[in-house]
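Summary of the model geometry
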Amino acid sequence: GELLPWRGERQKVISPIQLRRDDGTLEALELGSIPRGGVEEADAALAAAVKAYDSGRGAWPTMKVADRIACMQDFTRQMVAKRSEIVRLIMWEIAKSLPDAEKEFDRTVDYMRATMEALRTLDNDNSRFQIVDGTIGQIRRTPLGVVLCMGPYNYPLNETFATLIPALIMGNTMVFKPPRFGVLLFEPLLEAFRSAFPAGVINMVYGKGSEVVPHLLESGHVNALTLIGSSKVADHLKKMHPKTNRLRAILGLDAKNAAIVLADADLELAVKECLLGALSFNGQRCTALKMLIVHSSIVDRFLERFSEELAKLKIGMPWEKGVAITPLPDRAKTDYMIECVEDAKAKGARVVNAGGGEDYATLFRPAVVYPVREGMKLYREEQFGPIVPVMPFDDIETALDYVITSDHGQQVSIFSSSADDIATLVDPLVNQVCRVNINCQCQRGPDVFPFTGRKDSAEGTLSVTDALRSFSIRSMIAAKQTEPSKK
Ligand code: G3H
């Protein structure tokens, strides 16, 4: 346990980026290697976390809040010193553009600082005494135990730390499994974890998620599970715990966010925001716009302007200046994009721009698909990639129905220049999703805002204070008020 040393076999980490040789052939890039890992190592990591928690008696769970914050500050300082190394690894491992990788790093540090700040105020609870009906109560916010944390490949650092940092700083001990794509970037942090926190508090595990994670959960020693990833995987994993109902789960899951573009929308603004919303980081954001529902009176003009703007997006390598579309993490992803487009075409839709094909195995040219209808994969499936499904509507009920009947409930965007129309839509929509965006794309940030979803999209709430609450329990110490003794 305790992060390292891992013994045994190692496996290669291959970048999704392929370089073209002078003779035109493509070269796969090996970025480094990681331990192969497996259940044996996972057991050691879990044992270290259990020992460090020591049923709540460990150095970390009993440490004063101010001291825990000091450890986190030390870690943050060390992490900031490694910014350029980590940013470059994000870029190479998941082909995120350099400015986006930098943004991911910087917003993560902001989130860490905001979490420390929030904990100081949240901790006011600890010194608050209440006297009710002769009972004196001191409320304390206490940790849950061992937290198993998993992040996604699209924001490997930010989304892993979105749960790891608040869970950790609340006094829990951690086992964390980095995503398959986006694993090397944690290596520069291992030493900082080790030097900033008491032994065994953070334990990183490698290995195949489908073997290691169920194994850890089956042990019964995991008190909370955090996963930013797929709804199906989360459902499966929760069942692995011997006392499913006792496992606290903080989950950020699938989403199929829609933008509803009304007839009176500012078309240029809607095009600009929908383009960003649908295609930033190749559409690989849980918050990405994955369906555009456009009023039929403006849909032709919308598609024309959208395709014109899309054609200006630079497709290329993540280090190229101004690049917007970059390679996907693996061939399976490109194959799925092709499958979705072909399915829609076979059922009567067309690709309205010049997209829809691959430049090489992992570089897929964005495709705008119209009209998308019920029965096509793109109607309900979360494509999580550079495809923009568009459907027309005449009656606003059709657009609302799409959101209401969805299995997902994360966010929605509305585009209109009428304050009245917007006001009429906001109320029914905010009760269906967890964030309604007016005349702008869907997004999680700023990260201090609550981030959650309804139906299959989430369990629990993230954000700074919500996350601190999610990973703790309000315990209390109670005593009967007594009369001072008279001598
Ligand atoms: O993939 C989910 C991310 O948290 C999305 O964050 O909307 O700020 O890009 P973002």
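Everything discussed here concerns the structure shown above.
Since this is a predicted model, take the numbers as computed values, not measurements.

For the protein chain, the helix and strand inventory stands at 15 helices and 24 strands. The globule rule puts the C-alpha radius of gyration for 487 residues at 23 Å, and the 24 Å found for the protein chain is close to it. If one aligns the C-alpha atoms of the protein chain with their principal axes, the spans along those axes are about 90 × 60 × 40 Å. When burial is assessed residue by residue, the protein chain has 55% of its 487 residues classed as buried. Taking the contacts inside the protein chain whose residues are at least 6 apart along the sequence as the reference set, 73% of them involve residues at least 24 apart. In the form shown here, the protein chain has an accessible surface area of approximately 20700 Å², with 51% of it arising from carbon and sulfur atoms. Of note, the protein chain has its 59 positive side-chain charges centred 6 Å away from the centre of its 62 negative side-chain charges.

With that settled, the discussion passes to the environment of Gly409. Here Gly409 is to be found in strand β19 (residues 408-409). For the pair formed by Gly409 and Arg107, sequence separation is 302 residues and the distance between their alpha carbons is 25 Å. The contacts of Gly409, once residues within four sequence positions are left out, are Gln432, Val433, Cys434, Gly453, Arg454 and Ser457.

The next thing to look at is the nonpolar core. The biggest cluster of nonpolar side chains holds 69 residues, and the ones touching the most others in it are Phe75, Met79, Leu157, Phe161 and Phe197. The element contributing the most residues to this core is helix α4 (residues 98-122), with 10 residues. Residues in contact with Leu157, not counting those within four places in the same chain, are Met79, Ile86, Ile90, Glu104, Phe105, Thr108, Leu185, Phe186 and Leu189. Of all hydrophobic cores here, the second largest spans 31 residues; its members include Ile293, Met337, Met376 and Leu429.

In this section: helix α14 (residues 419-430). What sets the pattern is the α-helix's 3.6 residues per turn: residues three or four places apart point alike. Compared with the 16 Å implied by 1.5 Å per residue over 12 residues, the 16 Å span of α14 between its first and last C-alpha is a close match. All of the buried residues in α14 are Ile422, Leu425 and Leu429. Angularly, the buried residues of α14 cover 75 degrees about the axis, an arc narrow enough to put them on a single face. Exposed side of α14, more than 90 degrees from the buried face: Ala419, Asp420, Thr424 and Asp427 are the residues found there. Lining the buried residues of α14 we find β10 (257-261), α13 (396-404), β20 (411-415) and β21 (435-438).

The three strands lie next to each other as β3-β4-β24, forming an open sheet whose pairing is antiparallel. The open sheet has two edge strands with one neighbour each: β3 (129-132) and β24 (472-480). Neighbour to neighbour, the strand axes of the sheet diverge by 30 degrees on average, direction disregarded. Sheet topology note: the strand β4 (residues 135-143)/β24 ladder contains nine bridges and is antiparallel. In the strand pairing of β24, Pro143 is matched with Ser472.

A full pass over the atoms with the stated rule returns 25 salt bridges. Taking the shortest distance from any N to any O, the salt bridge between Glu104 and Lys96 comes out at 2.7 Å. Using a relative accessible area of 1% as the deciding quantity, one classes Glu104 as buried. A residue is classified by how much of its surface remains accessible, and Lys96, at 2% relative accessible area, is buried. Ionic pairing is found between Arg444 and Glu159, a salt bridge with its closest N-O pair at 4.0 Å.

Near the ligand the following residues occur: Arg107, Asn154, Tyr155, Glu159, Arg285, Cys286, Thr287, Gln443, Arg444 and Gly445. Within the contact set of the ligand, an oxygen atom lies 2.9 Å away from a side-chain nitrogen or oxygen of Arg107. Here Cys286 contributes a backbone N or O atom positioned 2.7 Å from an oxygen atom of the ligand. Contact with the protein chains hides 95% of the accessible area of the ligand, taken as 300 Å² for the molecule alone. Class assignment for the residues of the shell around the ligand results in two nonpolar, four polar and four charged.

So, about the sheet that holds strand β18 (residues 387-393). The strand order across the open sheet built from seven strands is β14-β17-β18-β11-β10-β20-β21, with neighbouring strands paired in mixed fashion. Edge positions in the sheet fall to β14 (350-351) and β21, since each of these pairs with one other strand and no more. Pairing between β10 and strand β11 (residues 289-295): five bridges, direction parallel. Bridging across to β11, Asn257 finds its partner in Leu289.

What counts as what
For every chain, the first residue of the written sequence is number 1, and numbering continues from 1 along that sequence. Totals for whole chains, interfaces and linings use all residues, but because this is a predicted model, local features are given only for residues with pLDDT of at least 70 and pairs of side-chain atoms are given and counted only at 80 or more. Computation of side-chain values covers all heavy atoms of the structure but excludes hydrogens and water. Here a strand is any run of E in DSSP of at least two residues, a helix any run of H or I of at least four, and the numbering for each starts at the N terminus. This radius of gyration counts C-alpha atoms alone. The globule rule is 2.2 Å times how many residues there are, raised to the power 0.38. Only protein chains enter the area calculation, which uses a 1.4 Å probe; residues under 20% of their type maximum are buried, those over 50% are exposed, and those in between are partly exposed. When checking whether two residues touch, look at their non-hydrogen atoms; a contact exists if any pair is within 4.5 Å. The Shrake-Rupley method, run with a 1.4 Å probe sphere, supplies the accessible areas, and residue values consider only the shown protein chains as cover. Counted as positive: Lys and Arg. Counted as negative: Asp and Glu. His and the chain ends are not counted at all. To locate a charge, take atom NZ for lysine, CZ for arginine, CG for aspartate or CD for glutamate. By nonpolar core is meant a set of buried Ala, Val, Leu, Ile, Met, Phe, Trp, Tyr and Cys residues that side-chain atoms within 4.5 Å join together. Here a helix's expected span is defined as the number of its residues, less one, multiplied by 1.5 Å. Read the arc as the range of directions from the helix axis to the C-beta atoms. Strands qualify as paired when DSSP identifies two bridges or more between them. Note on geometry: axes are lines fitted to C-alpha atoms, helical ones only across the stretch in contact, with angles between N-to-C directions running from 0 to 180 degrees. Salt-bridge detection follows one rule: a side-chain nitrogen of Lys or Arg within 4 Å of a carboxyl oxygen of Asp or Glu. Being near a molecule or strand, for a residue, means having at least one of its heavy atoms within 4 Å of it. Distance and chemistry together define a polar contact, namely a pair of N or O atoms within 3.5 Å, with one atom able to donate a hydrogen and the other to accept it when in protein, and with adjacent residues in sequence counting only for side-chain atoms on both sides. Each residue gets one of three labels, nonpolar for Ala, Val, Leu, Ile, Met, Phe, Trp, Tyr, Cys and Pro, charged for Asp, Glu, Lys and Arg, and polar for the others, Gly among them.

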